[in-house]
Every structure is written in structure tokens, then in C-alpha cells.
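Chain by chain, the residues:
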Amino acid sequence: MADAPIQILGAGLTGMSAARHLGGDYEIHERLGHAGGHAITTEHDGFRFDRTGHLLHLRDPEMRSWVQRLVGDDCVMVQRRSRIWSQGVYTRYPYQANTFGLPADIAYECLMGYFEALKNEASTPEPKTFEEFCFKFFGSGFSKHFMIPYNEKLWGIHPRDVTAEWCSRFVPRPKLEDVIAGAVGKNDRELGYNTSFLYPSLGIGALPAAMCKELTGSVRYRSAPKAVDWRKRELVFEDRRVPYQALISTAPLDLLAGLLVDPPAQLSAAAKRLRCNPLYYLDVGLDVPCGVDLHWVYVPEEKYPFYRVGCYSHFSPKMAPAGKANLYVELSSRQKPDMQKLVPEVTKALIEMQIIGRSEDLRFANLERIDHAYVVYDHDYVGAVAAIAPFLEQERIISAGRYGGWNYSSMEDALLFGRDAARKAREWKT
Ligand SMILES: Cc1cc2nc3c(=O)[nH]c(=O)nc-3n(C[C@H](O)[C@H](O)[C@H](O)COP(=O)(O)OP(=O)(O)OC[C@H]3O[C@@H](n4cnc5c(N)ncnc54)[C@H](O)[C@@H]3O)c2cc1C
């Protein structure tokens, strides 16, 4: 059988969306034994786990109706219940619009800093770093007590080393009236891009499973090329070479660069400047229901070894056996933790946060790692990506998706990236 003219690397959401939008003439190579990429659900001891919270925020009408058709019959629509845990109290999200409930001196510092920032906003230069963004739009108090410490834990680097570019979509900027209402406990609406979300009742893995069923072309599992011969337009495997007219790669961009045979020196140099952090997190099973009625909690303070805890069984009760609960705990350190030391620390914190009542409630805590988790928008980011992407396109390689395109994006974006990659690849097919 002739090789398909369009070759796809990766059966994550981007790769499968590309395949679906191509309709045919493609072959997917997936290095693992299953589809889904980051959007998978696994089971342990009767508890179901995604790779931390994977919630569907669908804004594009075409993607929304596709996802609804794929998994809509067995999905729950959830209104977000998230909080911040700091200073020993829970306050509403987002922190910058909800000082009500914080100790008075902290709330005062946040509000005064905000008013000062607002007064000076027009005369403060456009922010270049995420730290400057926080100081300009939220002021010194909100920055000190939440924005800087939380984001340092999340990104694994200080916000001064992150550009301001990624944040406009994901960091809510409240209006003055929201800040005032939130200071006196009168906020009557949820803020931010993720106030409600869709969630498959058996976990996010239902989505790639349904996408897989729709595929008409071939998917080769445990198949990854050892090189990409871009001059000859061939994928190089141990035992054969596969020609392509267009290649859609959803492999992480730094890894794709490493596969290119004799790449231009500038491309290799740029690829070395790409930075992406791994993430360690815990899959936690509880023998009791979760003690707080929340979907997830942000934890900015440095004294805790994690920055966010979420509860799968609050997304959908089918994620845990009846009367029990399961959590994800996202760890701040990028180094592999010593579990003997970590688990008692996490247990103590969960008790303090009233998520569990006593240490015996924690049935298990399993350590997981995501190698590529957060692309870092550091000051090399724009230049490095700009030095790679045009060369690849000129050679009919579309590097797409969250890691292929090297960005901070959502599952819906992955579906859109796949669609766009398919359109471009089709144009190149001779
Ligand atoms: C911690 C975390 C939380 C998230 N939470 C949310 C959320 O709540 N909501 C949301 O919308 N999004 C969320 N996301 C984002 C979401 O996971 C991604 O946007 C989406 O899954 C990316 O899909 P992708 O296909 O681009 O990449 P991937 O999922 O990485 O898929 C790429 C595929 O390519 C395969 N592959 C890699 N290299 C090769 C190779 N050389 N050859 C063949 N195959 C290869 C991989 O095995 C993988 O299957 C989150 C991401 C993370 C890391």
C-alpha cells in the first residue's frame, strides 16, 4: 500500500483533529501505545485520574458542537467553585477582586496598592515582564501576596523572567467596581475565562477515545521516527523511510528540532533557547469525601509544597468510588521530590485546609511527572520561535499544538490548531 501523502506525528488532540479535518490521505505515528497525549484518564484502585485538571472551555462554535457530538451525552456542565487558600483562610477567586475575608492589614495593603496603581496606570510604561504587568494592573499588595508568589510556583521561574505576552487572556483584570465589591463581600458574579466548563463524567480521556473512533486513516502506535530528512521529505524509521508531501508534527518543538537531519546552525541554536518546565504532581485517593466543596484551590504561599489542589470527584462523582474522593496536587518544585518527606507535608497541609480530617483519610498518593508541561515565555521566547517556525514551513513541516507550536494553550486550541494544520497541509499536497 502506498504511503499517505500527509504524515502526522502524535495522536494527541492536535494530531487527531488534524486527521479528522483532513478526512483521509494521512497516517498518524504515535510514539506511545495509546492516543490522547496529555488528555488521558487512568484508573488506580477504583479512582480515575486525568493528568491534573483537564476541563473543557469551549468558545468556538464549531469546536463546541463537535465536542458536544463526540462526548456531550455523557458530560456534565460545571459552574466553577474555586478558592484561594492563604493566611489560613479561603477567599474567592480571583484574588485581585476578592480581598473580603483576608486579615484586615493584608486586605488594606492590597487595596491601597491597587488604588495607587490605578492612579498611575496611564503614566506607567507598557509592561515588558509579567512582574511589571502585575505591578501596573494590580499594584504592589496583590503582587506581593498572590501574583508573584503564585506564578513563581506555577511557572517555576520568577515573573520578572516571564514576558507579559501570555497573560492577557488568562489573567483576569478586574474593574474598580469589582475590587470594591470584592473587598466588602458583595461580588455577585464570577470573573475570568473559566467560570463554567464541560467535563466528561468518566474523565477527559473520553474525548480522545471518541475522536479515535471517528478516524478513517491509519494510526501506528509505538511508532516514532528516529530522524526527519527534511531535504528529501522523508521520515526515517529504523527499518524504512516514509516520504511525505506535508508533515504535521505535534511533538514538542525542541524534540522535533533534534530530529532534523543536518539542520541549519541558526535553527539548532534557537532550539537550545526554547524552555519548557516539567511538572510533578500527586494522584491522591481519599477514603472519605473531600472536606471542602470546591473544584480547585490556589495556594500561593511558599510554605506549602504545592500551588494548586483540585478534586476530580467534584468535577464528576463517577471519578471516585462512592463515599470517597480523589485529588490532584500540583507541586511547585521541578525536582523529583523525596516522597517520604513530601507526603507527610502534603497531608499536614490538606488537614490544615480542611480537605481531610486526619492523615488516615489519605489512602494513597502517587507521584506523576509531565516532561513537557509549561512552555516558559521567557525573554528568549519570541526570537527563538521566530527563528524556527518559518524554516519548518518552508520545508512543508507544520509544527502545531501546545508543544509543537510552543505555547500556553487549551484543549480547544489544540482542536483548532489541528484544523488549521490540516488546511495548510492540504494546500501543499500535490
Ligand atoms: C498540567 C496541565 C493542565 C492542563 N489543563 C487544561 C485544562 O484544564 N483545560 C484545557 O483546555 N487544557 C488544559 N491543558 C492543555 C492540554 O493538555 C493541551 O492543550 C492539549 O492536550 C495539547 O494537545 P497536543 O495534541 O497539542 O499535545 P500532546 O497532548 O502533547 O500530544 C502530542 C502527542 O504526540 C506524541 N509524540 C510526541 N513526540 C512524538 C514523536 N516524535 N513521534 C510520534 N509521536 C510523538 C505524544 O506521545 C502525544 O501523544 C493542560 C495541560 C497541562 C500540562
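Residues numbered from 1 in each chain as written. Predicted model: local features only at pLDDT ≥ 70, side-chain atom pairs only at ≥ 80, totals over all residues.

Trainee: In this structure, what is going on with the overall build of the chain? I would like to understand it.
Mentor: Counting secondary structure elements, the chain contains 14 helices and 19 strands. The C-alpha radius of gyration computed for the chain amounts to 23 Å, which stays within 12% of the reference 22 Å derived for 430 residues, consistent with globular compactness. Dimensions of the chain along its principal axes, counting C-alpha atoms only, are 70 × 55 × 45 Å. Across the 430 residues that make up the chain, the buried fraction comes to 45%. (Helix = DSSP H or I, 4+ residues; strand = E, 2+ residues; numbered from the N terminus. Rg over C-alpha atoms; globule rule 2.2 N^0.38 Å. Buried ≥ 20, exposed ≤ 12 C-beta atoms within 10 Å, placed from the backbone.)

Trainee: What am I meant to see in the environment of Lys-213 here?
Mentor: Relative to the assigned elements, Lys-213 resides in helix H7 (residues 206-214). A C-alpha to C-alpha distance of 42 Å links Lys-213 and Trp-85, two positions 128 residues apart in sequence.

Trainee: Mind showing me how you'd approach the sheet that holds strand S19 (residues 397-399) here?
Mentor: Strand pairing within a sheet occurs via backbone hydrogen bonds; the two strands may be parallel or antiparallel. Taking strand neighbours across the sheet as the criterion, the five strands line up as S9-S2-S1-S13-S19 in an open arrangement whose pairing is parallel. Pairing within the sheet leaves two strands with one partner each, and these edge strands are strand S9 (218-221) and S19. Between one strand and the next, the sheet's axes are offset by a mean angle of 15 degrees, whatever the strand orientation. Where strand S1 (residues 6-9) lies against strand S13 (residues 246-249), four bridges are found, and the strand directions are parallel. Bridge pairing in S13 places Gln-7 opposite Leu-247. (Pairing = 2+ DSSP bridges. Axes fitted to C-alpha atoms, helices over the stretch in contact; angles between N-to-C directions.)

Trainee: What's the story with helix H14 (residues 411-428) in this structure? I'm lost.
Mentor: Each full turn of the α-helix corresponds to 3.6 residues, which orients residues three or four apart in the same direction. Its 18 residues give H14 an end-to-end C-alpha distance of 26 Å, which sits within 8% of 26 Å, the value for a rise of 1.5 Å per residue. Along H14, the residues that are buried comprise Met-411, Asp-413, Ala-414, Leu-415, Leu-416, Phe-417, Gly-418, Arg-419, Ala-421, Ala-422 and Ala-425. Its buried side turned inward, H14 meets S1, helix H1 (13-22), helix H2 (61-71), S13, S19 and helix H13 (401-404). (Expected span 1.5 Å × (residues − 1). Contact = placed C-beta atoms within 7 Å.)

Trainee: I would appreciate a short explanation of the site of the ligand in the present structure.
Mentor: The immediate surroundings of the ligand are formed by 34 residues, with Gly-10, Gly-12, Gly-37, Ala-251 and Gly-401 found nearest. The set of elements that each furnish at least two residues to the shell around the ligand consists of H1, strand S2 (26-30), strand S18 (362-375), H13 and H14. A domain-level breakdown of the shell around the ligand finds at least three residues from each of domain 1 (6-39 + 204-275 + 377-428) and domain 3 (276-375). (Near = placed C-beta within 6 Å. Domains from an automatic or database assignment.)

Trainee: Would you explain the nonpolar core in this entry?
Mentor: Ile-6, Ile-248 and Val-329 are the most contacted members of the largest nonpolar core, which totals 119 residues. The greatest single-element share of this core, amounting to 13 residues, is contributed by helix H4 (residues 130-155). Discounting chain neighbours no more than four positions away, the residues touching Ile-6 are Leu-22, Asp-25, Tyr-26, Tyr-244, Gln-245, Ala-246, Ile-248, Ala-425 and Lys-429. (Core = buried A, V, L, I, M, F, W, Y, C linked by C-beta atoms within 7 Å.)

Trainee: I tried to follow the sheet that holds strand S10 (residues 227-229) on my own but got confused; where do I start?
Mentor: One open sheet accounts for three strands, arranged S10-S11-S12; its pairing is antiparallel. Across the chains shown, the open sheet's two edge strands, defined by having one partner strand only, are S10 and strand S12 (241-243). The mean angle between the axes of side-by-side strands here comes to 25 degrees, regardless of whether they run parallel or antiparallel.

Trainee: Sorry if this is basic, but what is going on with the domain arrangement of the chain here?
Mentor: Interface size is often expressed as the accessible area that is lost when the parts come together. Under the domain assignment, the chain is made up of domain 1 (6-39 + 204-275 + 377-428), domain 2 (96-175) and domain 3 (276-375). Placing a centre on the C-alpha atoms of domain 2 and another on those of domain 3 gives a separation of 26 Å. Residue-level contacts link seven residues of domain 2 with nine residues of domain 3. Here the residues of the side of domain 2 that touches domain 3 sort into five nonpolar, one polar and one charged. (Nonpolar A, V, L, I, M, F, W, Y, C, P; charged D, E, K, R; others polar.)

Trainee: How do you make sense of the environment of Asp-361 when you look at a structure like this?
Mentor: The residue Asp-361 is located in the loop between helix H11 (339-352) and S18 in this model. The class of Asp-361 is buried, set by 20 C-beta atoms lying within 10 Å. In the structure, Asp-361 is positioned 22 residues away from Met-339 in sequence and 18 Å away in space, judged by C-alpha atoms. If sequence neighbours within four positions are ignored, Asp-361 has contacts with Leu-286, Asp-287, Val-288 and Ile-356.

Trainee: Is there a simple way to think about the packing of helix H9 (residues 265-272) against helix H12 (residues 381-394) in this case?
Mentor: Packed helices, taken two at a time, are described by their axes: the angle between them and the distance between them. Two elements in contact, H9 and H12, have axes separated by 8 Å at closest approach and are oriented at 135 degrees. The angle between H9 and H12 falls in the class oblique. For H9 against H12, the interelement crossing comes out left-handed. Across the interface between the two elements, Gln-266, Leu-267, Ala-270 and Ala-271 of H9 pack against Ala-384, Ala-387, Ile-388 and Phe-391 of H12. A class-by-class count of the residues in the contact of H9 with H12 yields seven nonpolar, one polar and no charged. (Parallel < 35°, antiparallel > 145°, perpendicular 65-115°, else oblique. Left-handed = near helix turned anticlockwise from the far one by under 90°.)

Trainee: Looking at this structure, how should I read unusual backbone geometry?
Mentor: Trans peptide bonds make up most of the peptide bonds, and negative phi angles are found at most residues other than glycine. At the junction of Tyr-93 and Pro-94, the peptide bond is cis and its omega measures out at -5 degrees in the coordinates. As for its placement among the helices and strands, Pro-94 is situated in the loop between strand S7 (89-92) and helix H3 (104-120). Its identity is not glycine, yet Arg-233 carries a phi of approximately 55 degrees, on the positive side. Note on Arg-233: 17 C-beta atoms within 10 Å, which makes it partly exposed.

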